[in-house]
Amino acid sequence: MNGYCGQILRVNLTSKEITTEPLDPEIAKKFIGGRGLGTYFMSKEVDPTVDALSPENKFIVATGPLTGSPAPTASRYMVVTKSPLSGTIASSNSGGFWGPELKFAGYDAMIVEGKSDTPCYIAIRDDKIEICDASKYWGSLVAAATDGLLEEFGDPKARVMLIGPAGEKLSPISAVMNEKCRAAGRSGVGAVMGSKNLKAVVVRGSGKVQVADSEKCSAALKDIRGVLKEHPVTGGGLPTHGTAVLVNIINSSGVYPTRNFQEAYFPPADQASGEVLTEQYLTGKDVCFRCPIGCGRVSKADDVEGGGPEYETIWAYTADCAVDDMAAVIKANMWCNEYGLDTISAGATIACAMEMNQRGLLSEEEMAMGPPLEFGSGPAVIEWTRLMGIGEGLAGKMAQGSYRLAESYGAPELSMTVKKLEMPAYDPRGIQGQGLQYATSNRGGCHVRGYMISPEVLGIPEKLDPMSLEGKPTWAIAFQNLTACIDSLGICLFTSFALGAEHYASMYNTIIGGEVTADDLVEAGDRIWNIERVFNLAAGIDPSQDTLPKRLLEEPIPEGASKGAVNHLDQLLPLYYAERGWSTDGIPTDEKLQTLGLK
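Reading the values: the criteria
- Residues numbered from 1 in each chain as written.
- Predicted model: local features only at pLDDT ≥ 70, side-chain atom pairs only at ≥ 80, totals over all residues.
- Heavy atoms only, no water.
- Pairing = 2+ DSSP bridges.
- Helix = DSSP H or I, 4+ residues; strand = E, 2+ residues; numbered from the N terminus.
- Axes fitted to C-alpha atoms, helices over the stretch in contact; angles between N-to-C directions.
- Contact = heavy atoms within 4.5 Å.
- Core = buried A, V, L, I, M, F, W, Y, C linked by side-chain atoms within 4.5 Å.
- Buried < 20%, exposed > 50% of the residue type's maximum accessible area, 1.4 Å probe, protein only.
- Phe/Tyr/Trp six-rings, centres within 6.5 Å; stacked < 30°, edge-to-face > 60°.
- Lys NZ or Arg CZ within 6 Å of the ring centre and 35° of its normal.
- Expected span 1.5 Å × (residues − 1).
- Salt bridge = Lys/Arg side-chain N within 4 Å of Asp/Glu carboxyl O.

Engineer: Can you explain the sheet that holds strand β15 (residues 304-307)? Please cite residues and give values.
Structural biologist: Taken together, the three strands give an open sheet; going across it, the order is β13-β14-β15, and neighbouring strands pair in antiparallel fashion. Bordering the open sheet on either side are β13 (282-285) and β15, each of which pairs with just one other strand. Adjacent strand axes in the sheet meet at a mean angle of 15 degrees, parallel and antiparallel pairs treated alike. The pairing of strand β14 (residues 297-301) with β15 spans four bridges and is antiparallel. Residue Ala 301 lies in a different strand from β15, and its bridge partner there is Val 304. Against the sheet, helix α10 (residues 274-281) touches β13 and β14, its axis set at about 65 degrees to β14.

Have a look at this one:
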């Protein structure tokens, strides 16, 4: 199986049984790999109603057929499980080098079952797999644990995927980390790893990903790299300023959520922009496996240096908390990396707590453990991030995410979430299609399930009026299906700024030696989207949760370029359901599922 290893690794932490099984070529064809393959196994093997933190939930890490291949940006892997934050199916994506290394060791995916009695880690050296004691690493921060595990493993070229203390303490906003600063960040997947007493997976492989025809592959991929290099985003903005190039663009559009989405324009945004990061704090780049884009940053503020921050992190800790200090972002980001916290959810939860304090819901006694939770406080975002990593007192409540925090004080409406997952750095009141995407996303408030910012703000592949409703369901579905395909191939979503479905089909065929069409890949994306939907419905995530916070539906944006806007989800949602081939109440029909081979 060119592109694939043809083998699945299964590790049961309860019985200590380690087995391998062949990858069914027909399943690979239907679900591609990565997100699709992981979702297939979850749907087949896990009861959707399972407690996400119980031994019966499974922790699946899946690569795609392009992961570890010569294809540009072939670094991605997916963590697929049931989310302890939202109750939905979770599929969180990370880059770096860990995913390719799992392929080099000979595995397309790893399924972790059960629960270890004591802290452990899994060591993979090609076909030699061991479950090892991790007691001395339990409680350690990410960087120190990574260094210790590499020394114990005995090979500095090995790759480490692990959790920090937040995941050990089962925070539903905890991340899975690799290379110290890369994160499968969203949906609380770190807590699932922690619930199994699994601190880390260390892997070293000696193989390589086989391709169908080396000469044809080299020529075809050279053309793809040329397209990426010539595009102004993948060849210009992202390499120069990283994802933070978006700060001034989104703010000037009047859709930069500010003060916990009370506003959508942050006047001092340019003081914490990608340009400022590059000019004043950048010390290097953190480039993923085979990436010609190189958007990853390494930055330093005072004595703190490390990977990041990304655009979403900058937004969460600046505009959302009304802070105009990039140094504070870098320091808060460091604590997220060390404790293993999702930077979007962590920053957004602090913003929620700041509004709760603004409205008199928090007592001075509760907040005495840290700086006052006041909008505009750089010291507060730094210290409360650290305290959330420790997870005690009020900070322990905050480590449960903004929805559970606000709900515990009788004010769930102050949580800017969809399906309990914090929304990122785009106000859907001024971007109608993005609001539809948030509401219908299978993992909750997420921007990378269908990046409608691309056409509605950036004009890629064509410019749409962000306030118009016309055609938005069609566009949202197209982006959602293509994104599911990209996540399953094992390459970076940022390539989609420059590439289309035809390019992905070309790369896939070049690697595996197939004859798949662009339409075939998009249909596979549709299949993946629908099987996720079916899982969520069975898990109790009913269509009433396809909505946005009341504030965004009723309270107009007060200032900025999108002043006066609200989101018109009520008009878009019925059209979306119809175009998906679902019932009027948002349930995939038997006919739709049969068409996709899911029934």
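Engineer: Could you give an account of the nonpolar core, naming the residues involved and the relevant values?
Structural biologist: Core analysis: the biggest nonpolar cluster contains 97 residues, and Tyr 256, Ile 350, Leu 373 and Trp 384 have the highest contact counts within it. The next biggest cluster of nonpolar side chains, apart from the first, holds 54 residues, and it includes Ile 32, Tyr 40, Ala 71 and Ile 486.

Engineer: Can you break down the packing of aromatic side chains residue by residue, with the values?
Structural biologist: In the structure shown here, the tally under the stated rule is 17 aromatic pairs. Between Phe 31 and Tyr 40, the aromatic rings sit 5.3 Å apart at their centres with planes inclined by 35 degrees, giving tilted as the arrangement. Between Tyr 311 and Tyr 426, the ring centres sit 5.6 Å apart and the planes meet at 40 degrees, which makes this aromatic pair tilted. Highlighted residues: Tyr 311 in helix α11 (residues 311-317) and Tyr 426 in the loop between β17 (421-422) and α18 (432-440), separated in sequence by 115 residues. Across the pair, Tyr 426 and Tyr 311 agree in class, each one buried. Through a chain of ring-to-ring contacts, three or more aromatic side chains come together here, namely Tyr 256, Tyr 311, Tyr 426, Tyr 451, Phe 494 and Phe 497. The lysine or arginine in question, Arg 125, covers the ring of Phe 153, its NZ or CZ lying 3.8 Å from the ring centre.

Engineer: Mind laying out helix α13 (residues 343-358), listing which residues take part and the relevant values?
Structural biologist: Quick reminder: α-helices carry 3.6 residues per turn. Residues three or four places apart thus point the same way. Helix length check: α13 (16 residues) gives 22 Å between terminal C-alpha atoms against 22 Å at 1.5 Å per residue, within 8%. Burial analysis of α13 places 15 of its 16 residues in the buried class, the great majority of the element. Downstream of α13 by a residue or two, Gly 360 has a phi angle that is positive, lying close to 80 degrees.

Engineer: Which residues make up the environment of Ala 316, and what are the values?
Structural biologist: Its place among the elements puts Ala 316 in helix α11. Exposure remark for Ala 316: the relative accessible area of 0% places this residue in the buried category. Ignoring any residue separated from it by four or fewer positions in sequence, one finds Ala 316 in contact with Cys 321, Thr 343, Ile 344, Gly 347 and Ala 348.

Engineer: Run through the sheet that holds strand β7 (residues 120-125), naming residues and quoting values.
Structural biologist: Pairing is mixed across the open sheet formed by six strands, whose spatial order is β8-β7-β12-β9-β10-β11. Looking at which strands have only one partner, the edges of the open sheet turn out to be β8 (128-133) and β11 (182-184). Neighbour-to-neighbour, the strand axes of this sheet turn through a mean angle of 20 degrees, independent of strand direction. Set on the sheet, helix α4 (residues 142-153) makes contact with β7, β8, β9 (159-162), β10 (176-178) and β12 (198-204); between it and β9 the angle comes to about 135 degrees.

Engineer: Could you give an account of the pattern of salt bridges, naming the residues involved and the relevant values?
Structural biologist: In total, this model carries 31 salt bridges according to the counting rule given. Between Lys 331 and Asp 302 there is a salt bridge, and its shortest N-O distance comes to 2.6 Å. Of the two residues, Lys 331 is situated in helix α12 (residues 326-339) and Asp 302 in the loop between β14 and β15; the sequence distance between them amounts to 29 residues. One salt bridge in this structure joins Glu 355 and Arg 551, with 2.6 Å as the shortest N-O distance. In this pair, Glu 355 sits in helix α13 while Arg 551 sits in helix α23 (residues 550-554), placing the two residues 196 residues apart along the sequence. The two residues Glu 355 and Arg 551 agree in class, both being buried. Each of the salt bridges in this network shares a partner with another, and the network as a whole consists of Arg 10, Glu 21, Glu 45, Lys 58 and Glu 113.

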